[in-house]
Every structure is written in structure tokens, then in C-alpha cells.
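Here are the chains, one letter per residue:
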Amino acid sequence: HVLIAAFHPKFEFAGLVGEEKVLSYEKRAPYPVINLLRTGAIDRGIEQGITAETIAEHNEKALLAEGLAEVERNFKGLSES
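What counts, and at which threshold
Throughout, a residue's number is its position along its own chain's written sequence, starting from 1. Only residues with pLDDT of 70 or above have their local features reported here, since the model is predicted, and side-chain atom pairs are shown and tallied only from 80 upward, although totals for entire chains, interfaces and linings are computed over all residues. Note that water and hydrogens are dropped before the side-chain values are worked out from all heavy atoms of the structure. Think of it this way: any DSSP run of H or I at least four residues long counts as a helix, any run of E at least two long counts as a strand, and we number them from the N terminus. Residues are treated as being in contact if the distance between any of their heavy atoms lies within 4.5 Å. Exposure was quantified through the Shrake-Rupley algorithm and a 1.4 Å probe, taking into account, for residues, occlusion by the shown protein chains and nothing else. Just so you know, the count uses Lys and Arg for positive and Asp and Glu for negative, and it drops His and the chain ends. Charge coordinates come from a single atom per side chain, which is NZ of Lys, CZ of Arg, CG of Asp or CD of Glu. To count toward a patch, a residue needs a relative accessible area above 30% and no salt bridge. Like charges then connect within 9 Å, nonpolar side chains (Val, Leu, Ile, Met, Phe, Trp, Tyr) within 5 Å. Here, a salt bridge means any Lys or Arg side-chain nitrogen found within 4 Å of an Asp or Glu carboxyl oxygen. Burial classes follow relative accessibility: with a 1.4 Å probe on protein chains only, a residue under 20% of its type's maximum area counts as buried, one over 50% as exposed, and anything between as partly exposed. When DSSP locates at least two bridges between a pair of strands, those strands are taken to pair. When two rings of Phe, Tyr or Trp (its six-membered ring) have centres within 6.5 Å they constitute a pair, described as stacked for plane angles under 30 degrees, edge-to-face for angles over 60, and tilted for the intermediate range. By convention a nonpolar core is built from buried Ala, Val, Leu, Ile, Met, Phe, Trp, Tyr and Cys residues, the set being connected through side-chain atoms within 4.5 Å.

Asker: Can you lay out the overall build of the protein chain for me, pointing to particular residues and giving the numbers?
Answerer: Of the regular secondary structure elements, the protein chain holds three helices and two strands. Written out in order from the N terminus, the α and β elements of the protein chain read β-β-α-α-α. Dimensions of the protein chain along its principal axes, counting C-alpha atoms only, are 35 × 25 × 25 Å. Contacts in the protein chain between residues at least 24 apart in sequence constitute 66% of all its contacts with a sequence separation of at least 6. Surface accessibility of the protein chain: about 6,200 Å² in total, with carbon and sulfur atoms responsible for 59%. Within the protein chain, the 13 negative side-chain charges are centred at a point lying 6 Å from the centre of the 9 positive side-chain charges.

Asker: Residues and numbers for a nonpolar patch on the surface, please.
Answerer: Taken together, the side chains of V2, I4, I34 and L36 make up a nonpolar region of the molecular surface, amounting to roughly 440 Å² of accessible area. When residues of the nonpolar patch are traced back to their parent elements, those giving at least two are β1 (2-7) and β2 (33-38). Turning to its location among the elements, I34 is positioned in strand β2.

Asker: Lay out the pairing of β2 with the relevant residues and their values.
Answerer: A small share of β2 lies buried, amounting to zero of its six residues. Pairing of β1 with β2, which is carried by six bridges, proceeds in the antiparallel orientation. Across the sheet, F7 pairs through a bridge with V33, a residue of β2.

Asker: Quick rundown of the packing of aromatic side chains? Include the residues and the values.
Answerer: In the structure shown here, the tally under the stated rule is two aromatic pairs. Taking the centre distance of 4.9 Å and the plane angle of 85° together, the rings of F11 and F13 count as edge-to-face. Aromatic side chains Y25 and F75 sit 5.2 Å apart centroid to centroid with 75° between the ring planes, which places their arrangement in the edge-to-face category. Of this pair, Y25 sits in the loop between β1 and β2 while F75 sits in helix α3 (residues 68-80); the two residues are 50 residues apart in sequence, bridging distant segments of the chain. Judged on exposure class, the residue Y25 and its partner F75 are both buried.

Asker: Explain the pattern of salt bridges residue by residue, including any values.
Answerer: All chains considered together, the criterion is met by one salt bridge. For the salt bridge of R73 with E70, the shortest nitrogen-to-oxygen distance reads 2.6 Å. You can see R73 and its partner E70 sitting in helix α3, three residues apart, about one turn around the helix. Here R73 falls in the exposed class, since its relative accessible area comes to 52%.

Asker: Describe the nonpolar core, naming the residues involved and giving the relevant values.
Answerer: If you look at the biggest cluster of nonpolar residues, it comprises seven residues: V22, L23, Y25, L63, L68, V71 and F75. Ranked by residues supplied to this core, first place goes to α3 with three residues. Apart from residues lying up to four places away in sequence, V22 is in contact with L63, L64, G67, L68 and V71.

Dropping the structure here:
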């Protein structure tokens, strides 16, 4: 079994304003990407205490700490290379 995780260069969470817009980068990639995640790998992560919520919390903290301007600059550099 697999789960699908999709990423797109123009992904945006609705309703974000100001610095919150950086959170949309959690679901962005320089080019459209679909990742197929094996459910067995996800189950092993859950057994280790890793959940979708803990991953999302970590990503949110990291993105907010980096800041919108810096993340936009780095992302733009990825798509130009």
C-alpha cells in the first residue's frame, strides 16, 4: 500500500497573510512532484513516535524561524538551477 504526497511550486494554503505565507512552502517543490510513501515505512515512523502532527509542527517552526523572505530567496534559487 502507498500514500501519495504531492508538492507544487505554486501551492498556497488559503487564508495565510504576511509572514504566515511561508507555511505554504511546506507543500512546495521547484517542480511538480508526487511522492509515493510506502505505508510500512509510515507505520515504522509511527512506532517511533513520529506522526503527521509532529512533522507539521516541526516544519512550521522551522519555516517561521527562517522567515518568508529567506525561504522565497532560497526557493527561487532552486528553480533557477
